[in-house]
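# Fold and contact review
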Amino acid sequence: MKFDIKEEDMIIKPHKSEGPIYVREQKGFFQKIRRNLGWLLMLIFIAIPWLQYNGQQAVLFYVGSQHFRIFGLIFLPQDFMILAWVFMAGAFALFFVTNWLGRVWCGYVCPQTIWMLMFTWVEHRIEGSRNKRIKLDKNPWDAKKIALKTAKHSAWLAISLFTATSFMAYFIPAQKLYIDMFTLEWSGLVSFWVFLFAFCTYGNAGFLREKMCTVACPYSRFQSVMFDKDTLLVTYDAQRGESRGKRKRKQDPKELGLGDCVDCNLCVEVCPAGIDIRNGLQYECINCGLCIDACDDTMDKFGYAKGLIKYQSEHEASGKKTNPFRLKLVGYATLTALIILTMVVWAFNRTPIEASVIRDRNALYRVNYEGLVENPYTLSVINKTQTTMSYTISLEGLEDAELSVPDMIEIEGGEMLQIPVTVIKDGYDLKLKATPISFTIESKQRADIKITKESYFYKN
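Residues numbered from 1 in each chain as written. Predicted model: local features only at pLDDT ≥ 70, side-chain atom pairs only at ≥ 80, totals over all residues. Heavy atoms only, no water.

Along its sequence, the chain is carved into domain 1 (18-350) and domain 2 (353-458). Distance from the C-alpha centre of domain 1 to the C-alpha centre of domain 2: 54 Å. Taken together, the contact pairs 12 residues of domain 1 with 7 residues of domain 2. Note on domain 1 versus domain 2: buried area summed over both sides is about 790 Å², and carbon and sulfur give 50% of it. Linking domain 1 to domain 2 there are 0 salt bridges. Among the elements of the structure, strand 4 (67-70) and strand 5 (73-75) are those that each provide at least two residues to the side of domain 1 that touches domain 2. (Domains from an automatic or database assignment. Contact = heavy atoms within 4.5 Å. Buried area = accessible area lost by both parts, 1.4 Å probe. Salt bridge = Lys/Arg side-chain N within 4 Å of Asp/Glu carboxyl O. Helix = DSSP H or I, 4+ residues; strand = E, 2+ residues; numbered from the N terminus.)

Moving on, we come to the side chain of Ser191. By the secondary structure assignment, Ser191 is in helix 8 (residues 188-208). Side-chain polar atoms of Ser191 contact the backbone oxygen of Ser187, separated by 2.9 Å. (Polar contact = N/O pair within 3.5 Å; in protein donor to acceptor, adjacent residues only side chain to side chain.)

A few words now on the UniProt feature "transmembrane region" (unreviewed entry) in the chain. In the numbering used here, UniProt assigns the "transmembrane region" (unreviewed entry) feature to residues 36-53, 83-102, 154-172, 184-202 and 329-348. End-to-end, the C-alpha atoms of residues 36-53 are 28 Å apart, and along that stretch the chain is 67% helix and 11% strand. For the annotated span residues 329-348, helix accounts for 100% and strand for 0% of the residues, and the straight-line distance between the end C-alpha atoms is 29 Å. (UniProt positions renumbered as here; feature names shortened; annotations may be inferred.)

Leu379, Val381, Ile393, Ile419, Phe439, Ile441 and Phe457 are the most contacted members of the largest nonpolar core, which totals 24 residues. Of all the elements in the fold, those that place two or more residues in this core are strand 8 (353-359), strand 10 (373-383), strand 11 (389-396), strand 13 (409-411), strand 14 (416-425), strand 15 (434-443) and strand 16 (450-458). Ranked by size, the runner-up nonpolar core spans 23 residues in total, among them Tyr108, Tyr236, Phe302 and Tyr311. (Core = buried A, V, L, I, M, F, W, Y, C linked by side-chain atoms within 4.5 Å. Buried < 20%, exposed > 50% of the residue type's maximum accessible area, 1.4 Å probe, protein only.)

Below, the discussion takes up the sheet that holds strand 15. With respect to topology, 4 strands assemble into an open sheet ordered 13-11-15-16, the strand pairing being antiparallel. Strands with a single pairing partner mark the edges of an open sheet, and in this sheet they are strand 13 and strand 16. If you compare each strand with its neighbour and ignore which way they point, the axes differ by 30° on average. Direction of pairing for strand 15 relative to strand 16: antiparallel, over a ladder of 9 bridges. Paired with Ile437 across the bridge in strand 16 is Ser455. (Pairing = 2+ DSSP bridges. Axes fitted to C-alpha atoms, helices over the stretch in contact; angles between N-to-C directions.)

This part is about the pattern of salt bridges. This structure, assessed with the given rule, holds 21 salt bridges. Put simply, Arg24 and Glu269 hold a salt bridge, and the shortest N to O gap is 2.5 Å. Placement of the pair is Arg24 in the segment before helix 1 (29-47) and Glu269 in helix 13 (residues 266-269), with a sequence separation of 245 residues. Here Arg24 falls in the partly exposed class, since its relative accessible area comes to 26%. In this structure Glu269 comes out as buried when scored by relative accessible area, which is 13%. Linking Asp260 and Arg240 is a salt bridge whose minimum nitrogen-to-oxygen distance equals 2.7 Å. Within this pair, whereas Asp260 is found in the loop between helix 12 (253-256) and helix 13, its partner Arg240 is found in helix 11 (residues 238-241), the two being separated by 20 residues in sequence. A residue is classified by how much of its surface remains accessible, and Asp260, at 18% relative accessible area, is buried. Within the structure, one salt-bridge network assembled from shared partners comprises Glu123, Glu127, Arg133, Asp137, Lys149, Lys152 and Arg209.

Here is the structure:
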């Protein structure tokens, strides 16, 4: 058996009728992995804003004060270069996983898939099985239907609101956010973003569902360029399964001239995208394994061997061995590891202090009543640690110059302080009209926190 891996050559056949997809609930090995992983990721998403480090929220992207706290590190807008590294590492990691295991990101850990799985779980609990939901939607509106639909959508809205609030806790201190929520003291801006994210979650997971994956998400369109003949994909063994047909359990399929596929259609009914995997590889497939679990259950009931639908590569399907160390796969893994290593080295070697020297452009210098030249400066110093630090400021480049500055400067963690500084010098001692100087800012608590900034001293 062979299947094409290029998108333009994919077999795309009509696989579902227009209208909503009623997904049948399915249990099995791969669905157990999906559900456990989904619950774990959701708990991590909810719990992270509540973690504390040094008496503060461990992870907080505080847009208001323009600093981003991740445990012991504080990132400022000047550090946003690391964001490019994060995106690059994420992209190459995604390429690596896709080349190895197909679209398992979509099927197992994509937020859209996880929330869609949660919403369908609620739907199953309230409205019942697939057949009951189909019948309910066809029935005229009565008290029972209104009650069930109201309960379902109320649960969806509650989940959406909690999801949006949990997301906003990454940008607003979590305790303050929830206290303000229960005391109805949210600002207009906070309310706008929370309800916007809640509306998007409600619409995406409740109504758009698979359309987000098949229509809106670009990943489904370019995934095929990362596939090769060793990529593990959900495939149907047509040689073993055809000709498909219904039969009784005790009947011998060979006597009936049939393959192992009993044409139960469960592989279609459990598919969140509504496709028929027996039609061949299709770009809508998210490699979730639902059809595998459904087919394996049916094979068990009929006493046939499992694996009529399974994860396998094209090489494996044709009787060859899958190469786990192919160049493309190793290349993606190597690039991902190198970028992550670069990020770690950069994060640990960055100086936990930021400073800049600002001059008054309207008055580069002034002469005081003693005839000495004064140059005013403003030092902007940012403490990029999470603890209050004490700093001293020293001057280099001008001998015997007087530096008018406080002996000790204290700055709270993650805060910026603007310090007025005046340098005084007898202009007759200087040959140049603009003498290069440097300010050194050094921490009293930690010798490794030290930064030097250059400027110029002007005279008449």
